Amino acid sequence: MKTQKTNDSTNQTVDSSRRSFLLSSAAGAGALVAGMVTESKAGVPAASIPSISIPKEVLESVSEAPKPPTFEGQGMTGAEVFAKLCKDEELAALFCCPGNYTVINAIAAAGVPAFGGRCEGAMAAAADGFSRATGEVTACSGTEGPGLTNMIMNIASAAAARTPLLVLASNMQMAGDDRETFIQTGYQQPLTTGMKKYGKRLIAPDRVWEYGAYAFRNLKSGVPSPVHLDFPGEVARARFTDPSKLKDYYSKDKYRTESRPSPAAKDVEKALDMITRAERPLLIAGQGVFQNKAWEPLLKAAEKNELAVVTSGPTRGHFPDDHRLSAALSPDAVMSADLVIFVGQYCMPSPGEYRCNPDVKTIRVHPVQEDLGRNWPLDLGIVSSEKPFLEALADLLPARKRESWVNELASARQKYDKMLNDQYELGVKYSRDTNYLHPAALCKEVHDFFYKGDIDPKQTVLGGGGWTIGVHAGRWQRAYRPGQGIVCPYQYGAIGPDLAMMIGASAAVQHGVGPQAPYKGAPTVCVSSDAGIAYSLFELDTAAKYKLPVIGVIYNNDCWGMWPSAVSSARSMHLYLFQQHLRYDKMAEGLGARGEYVRTPEELREALHRSYASATKENLSTLINCQGMKEFTSAKNYPPGVSLNPEPGCGAVAH
Ligand SMILES: Cc1ncc(C[n+]2csc(CCOP(=O)(O)OP(=O)(O)O)c2C)c(N)n1
């Protein structure tokens, strides 16, 4: 099979030019793609076109030692006081674009891992992705006005996912309020209404620590969600040489507590009784199980009493997809359950949104009383944090075998597997007939490469989005350990944050944070769409700058996949279409990543091998442009077309 070339030079030329640059780089800095360096263009001698490279100032400043602020000498600015609190609270990472300068400089100086990117919205998604991969609190920041307004879509996405995201933005100064002073138009806090748990414009400099405490109390207690603080210049630049001048300057063990609600004994008794009476119990393990790292008692409780388990939420893997008790790939068994136990389901579906029997009995366990009974009627509501409830089940449930339920799970899974494989066979046929890559064939190749080949199937963190491709990719995504699967469009359904989110997840893997520790250094994978890539593509520069290898597999079908809705509307089809055969692989090369162009399953397989080798050996990202065609979305042209996946389970995006 002949490999498509990514540009006029051979792949070997790309590699050798990179190698020679690496050798000649005085700083040993990672020189990046310079695919065109040996070319001669329009009379410009090739040697005069410099290679893309990471400036040595970047490498130097990334490895600079932290400089914790002190009250000595000139003292601390308001921004430094806040940065000290962020460091004490172990803020896991900051993703930002310049703006809010005093605050981002202070947070970086305090020793929080910080990443600067190309677009505030994408940086908010990257911070979200880091948190989805780890459960940790992360921050994003941008300038007042344009920076914050650019972030809005991805703050809303983070709110839907209940991500503990600290949103920071500056405000010029209180002195400029209501005067349309440069950049300062409008007010920040109303913009994030409905998409945050807590927000505050800081107006009293001496209360900067107190409001930092408010922020982290909200981020680290109950059900998290974004917290938004805006910093006018008068606060960020204030100076403190004496801690007594700061209001409520207490340490974190005084301004918040690690105490968590445990279930009342009589509630546990009722739950045990309902589980004992059930024939086909199903535990739905939501985002709270992941964020509270409660996967061990979950596994123990499930195995002891043979409870089926399906995970839900923006992160997958806190119960392994390949476990015999997993219902993630057994939608018919989900439908047959006679008892559901929601644990840590933060974004609650309504009946009908989950494919459950309408008569199913329901237990819901949630850390906050006010949410119990919302959307879905309860037979038993229990106020408890996830871990103590699951520990109580693991301790108190009797050992029990549920042979027929386990067999039902297995046969439902076989049926689902057969449906997937039939779709794959059809996808291969369509690909062969048209010489364009069908999304089912694409996703099975990615699945086989990362979960069925030489790579540890538990290793690779994979996420993605898009409509046609997103639906297929969700079906083939697997998660065998906590934090392995990211559901980028979870609930909010945003097209576009995916690649940036996976770059954030890649930062978590590169730093080996939380559940990513055993897989430190591995690449991440993003399967996404051509409409989606337009929102995040430039962050390939950020990935390259920080050596965060992501393999982007982009389904290029020349359109927004909703084009069938224009079929009967003659004057609107053009609204949905792009130019045909755009070359996202070439754009990636221009940003310092690798590019690959494929049109067949075999070419994709080879491209994945090369991309993985570059990611692991050189920390290089690749964008694989998979040329498809828009008609694959349509059931009329290429049945079965596209429809949402059953929820809850593998491929679910709504709750
Ligand atoms: C930011 C954003 N814009 C628009 C939509 C509405 N929408 C939902 S799916 C879709 C089509 C997306 O096309 P693409 O991501 O290229 O996926 P494909 O079907 O081509 O794989 C659109 C426009 C959305 N959800 N989010």
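It should be noted that the structure appears before, not after, this text.
Residue numbering note: each chain is counted from 1, following its sequence as written. The model is predicted, so local features are restricted to residues of pLDDT at least 70 and side-chain atom pairs to those at 80 or more, both for listing and for counting; the totals for chains, interfaces and linings are taken over all residues. Where side-chain values are given, they derive from all heavy atoms of the structure, hydrogens and water being excluded.

Here a salt bridge means any side-chain nitrogen of Lys or Arg lying within 4 Å of a carboxyl oxygen belonging to Asp or Glu. With the rule as written, the count across this model stands at 30 salt bridges. Across the salt bridge formed by Glu89 and Arg256, the nearest N and O atoms sit 2.7 Å from each other. You can see Glu89 sitting in the loop between α3 (78–88) and β2 (94–96) and its partner Arg256 sitting in the loop between α9 (252–255) and α10 (265–277), a full 167 residues away along the chain. We note that Glu89, like Arg256, is buried. The salt bridge partner of Arg316 is Asp321, with a shortest N-O separation of 2.7 Å. This pair shows no difference in class: Arg316 is buried, exactly as Asp321 is. Through salt bridges with shared partners, a single ionic network connects Glu89, Lys220, Arg256, Glu258 and Arg260. The numbering of helices and of strands both runs from the N terminus, where a helix is a DSSP run of H or I of at least 4 residues and a strand a run of E of at least 2. Exposed residues in this analysis have more than 50% of their type's maximum accessible area, buried residues have under 20%, and partly exposed residues fall in between, with area computed by a 1.4 Å probe over protein chains only.

Two pairing modes exist for strands in a sheet, parallel and antiparallel, and in both the strands are linked by backbone hydrogen bonds. With parallel pairing, the five strands of this open sheet are ordered in space as β10-β9-β12-β13-β14. Looking at strand neighbours, the two that pair on one side only are β10 (308–311) and β14 (380–383), the edges of this open sheet. Each neighbouring strand pair of the sheet contributes to a mean axis angle of 15°, computed without reference to strand direction. When checking whether two residues touch, look at their non-hydrogen atoms; a contact exists if any pair is within 4.5 Å. Helix axes are fitted to C-alpha atoms over the stretch in contact, other axes to C-alpha atoms as well, and angles between N-to-C directions run from 0 to 180 degrees. Packed onto the sheet, α10 meets β12 (339–343), β13 (361–366) and β14 and runs at close to 140° relative to β14. Strand contacts of helix α14 (residues 386–396): β9 (281–285), β12, β13 and β14, with the helix running at about 140° to β12, the strand carrying the most contacts. Paired strands, as defined in this entry, are two strands with at least two bridges between them according to DSSP.

The subject of this paragraph is the site of the ligand. Around the ligand, a shell composed of 17 residues is seen, among which Thr468, Gly493, Ser529, Asn557 and Gly561 lie nearest. N or O atoms closer than or at 3.5 Å make up a polar contact, with two conditions inside protein: a donor-capable atom paired with an acceptor-capable one, and, for residues adjacent in sequence, both atoms drawn from side chains. One of the side-chain N or O atoms of Asp530 is found 3.0 Å from an oxygen atom in the ligand. A distance of 3.2 Å separates an oxygen atom of the ligand from a polar backbone atom of Cys559. Here the accessible surface of atoms and residues is derived via Shrake-Rupley with a 1.4 Å probe, and residues count as covered only by protein chains that are part of the display. The fraction of the free accessible surface of the ligand (590 Å²) that becomes covered by protein chains is 78%. Nearness of a residue to a molecule or strand requires only that one of the residue's heavy atoms be within 4 Å of it.

So, on to the layout of surface pockets. Points on a 1 Å grid, built from protein atoms alone, make a cavity when a 1.4 Å probe fits but cannot get out and make a pocket when they are open with protein on both sides within 12 Å along at least 5 of 7 lines; residues with an atom within 4 Å of a point are the lining residues. Grid points are joined across faces, edges and corners, and a volume is the space filled by probe spheres set on the points. By volume, the largest pocket amounts to about 850 Å³. Lining the largest pocket are 29 residues, and of these Ser61, Val62, Ala108, Ala114 and Tyr546 lie nearest its centre. For the lining of the largest pocket, the elements supplying multiple residues, two or more each, are α2 (56–62), β2, α4 (101–110), β3 (114–116) and α18 (498–511). If you tally residues by element for the lining of the largest pocket, the top one is α2, at five residues. For this classification, the nonpolar set comprises Ala, Val, Leu, Ile, Met, Phe, Trp, Tyr, Cys and Pro, the charged set comprises Asp, Glu, Lys and Arg, and every other residue, Gly included, is treated as polar. Of the residues in the lining of the largest pocket, the class split is 17 nonpolar, seven polar and five charged.

Before going further, it helps to examine the sheet that holds β2. In spatial order, the strands read β3-β2-β4-β5-β7-β6; together these six strands make up an open sheet with parallel pairing. The open sheet has two edge strands, β3 and β6 (198–201), and neither has a second partner. Each adjacent strand pair in this sheet contributes to an overall mean axis angle of 15°, direction not counted. Its contacts with the sheet place α4 against β2, β3, β4 (138–142), β5 (165–171) and β7 (227–232), and it is angled at close to 145° to β2. Together, β5, β6 and β7 form the strand contacts of helix α7 (residues 208–219), whose direction differs from that of β7 by roughly 165°.

As a further point, take the pairing of β7. Most of β7 is tucked away: six of the six residues are buried. Of the two faces of β7, the one holding Val227, Leu229 and Phe231 and the one holding His228, Asp230 and Pro232 are both buried throughout. With six bridges connecting them, β5 and β7 associate as parallel partners. Its bridge partner being in β7, Ala169 is matched across the sheet by Asp230. In terms of strand pairing, β6 meets β7 through four bridges, oriented parallel. Directly across from Lys200, in β7, lies its bridge partner Leu229.

Next up on the list: the packing of aromatic side chains. Two numbers describe a pair of aromatic rings. These are the distance of the centres and the angle of the planes. In this scheme Phe, Tyr and Trp rings, the latter by its six-membered ring, pair at centre separations within 6.5 Å, and the angle between planes marks the pair as stacked below 30 degrees, edge-to-face above 60, and tilted otherwise. If you walk through the whole model with that rule in mind, you get 20 aromatic pairs. Centre to centre, the rings of Tyr354 and Trp376 are 6.4 Å apart; their planes meet at 70°, and the pair counts as edge-to-face. Within this pair, whereas Tyr354 is found in the loop between β12 and β13, its partner Trp376 is found in the loop between β13 and β14, the two being separated by 22 residues in sequence. Just as Tyr354 is buried, Trp376 falls in that class too. Seen from their ring centres, Phe450 and Tyr612 are 6.3 Å apart, and the 65° between their planes marks the pair as edge-to-face. Of this pair, Phe450 sits in helix α16 (residues 439–451) while Tyr612 sits in helix α22 (residues 601–618); the two residues are 162 residues apart in sequence, bridging distant segments of the chain. Considered together, Phe450 and Tyr612 belong to a single accessibility category, that of buried residues. An aromatic cluster is built from Phe95, Phe115, Phe130 and Tyr546, whose rings are joined through pairwise contacts. Only lysine NZ and arginine CZ atoms are considered, and such an atom sits over a ring when it is within 6 Å of the ring centre and within 35 degrees of the ring normal. Here the basic side chain of Arg217 rests over the ring of Tyr214, its NZ or CZ set 4.8 Å away from the ring centre. When the ring centre of Tyr436 is taken as origin, the NZ or CZ atom of Arg599, which lies over that ring, is 4.4 Å away.

Another point: α4. Here α4 has its buried residues at Val103, Ile104, Ala106, Ile107 and Ala110. The arc that holds every buried residue of α4, seen down its axis, measures 165°, which confines them to one face. The exposed residues of α4 that point more than 90 degrees off its buried face are Tyr101 and Asn105. The secondary structure elements touched by the buried residues of α4 are α3, β2, β4, β5, β7 and α8 (233–236). Where α4 ends, the next residue or the one after it, Gly111, has phi of about 110°, a positive value. This arc describes the spread of directions from the helix axis toward the C-beta atoms.

It is worth spelling out the environment of Ala593 at this point. With respect to the helices and strands, Ala593 occurs in the loop between α21 (584–590) and β19 (594–598). Classification of Ala593 by relative accessible area gives buried; the value is 1%. The spacing of Ala593 and Arg237 is 356 residues in sequence and 39 Å in space, taken between C-alpha atoms.

Let us now look at the packing of α10 against α14. As a packed pair, α10 and α14 sit with axes 11 Å apart at the nearest point and diverge in direction by 60°. Comparing their axes, α14 and α10 come out oblique. Along this stretch, α10 crosses α14, giving a crossing that reads as right-handed. Mapping the contact onto sequence places Val268, Ala271, Leu272 and Ile275 in α10 and Phe389, Ala392, Leu393 and Leu396 in α14. By the definition adopted for this analysis, an angle is roughly parallel if under 35 degrees, roughly antiparallel if over 145, roughly perpendicular if from 65 to 115, and oblique otherwise. Should the near helix be turned anticlockwise from the far one by less than a right angle, the crossing is termed left-handed; should it be turned clockwise, right-handed.

Turning our eyes to something else, we now look at the state of the cysteines. Cysteine sulfurs are considered disulfide-paired once they come within 2.5 Å of each other. Tallying each qualifying case throughout the model produces zero disulfides. Lacking any disulfide linkage, Cys488 is separated from the closest cysteine sulfur, that of Cys526, by 5.9 Å. Cys626 provides the cysteine sulfur closest to Cys559, a residue in no disulfide bond, and the two sulfurs are 15 Å apart. Accessibility expressed as a relative area gives 1% for Cys559, which makes it buried.

As a further point, take the packing of α3 against α4. With their axes 8 Å apart at the nearest point, α3 and α4 run at an angle of 40° to one another. Judged on the interaxial angle alone, α4 and α3 are oblique. Here α3 and α4 pass one another in a crossing that is right-handed. Facing α3, whose interface residues are Ala79, Glu80, Phe82, Ala83, Cys86 and Lys87, α4 presents Thr102, Val103, Ala106, Ile107 and Ala110. Taken together, the residues of the contact of α3 with α4 break down into eight nonpolar, one polar and two charged.

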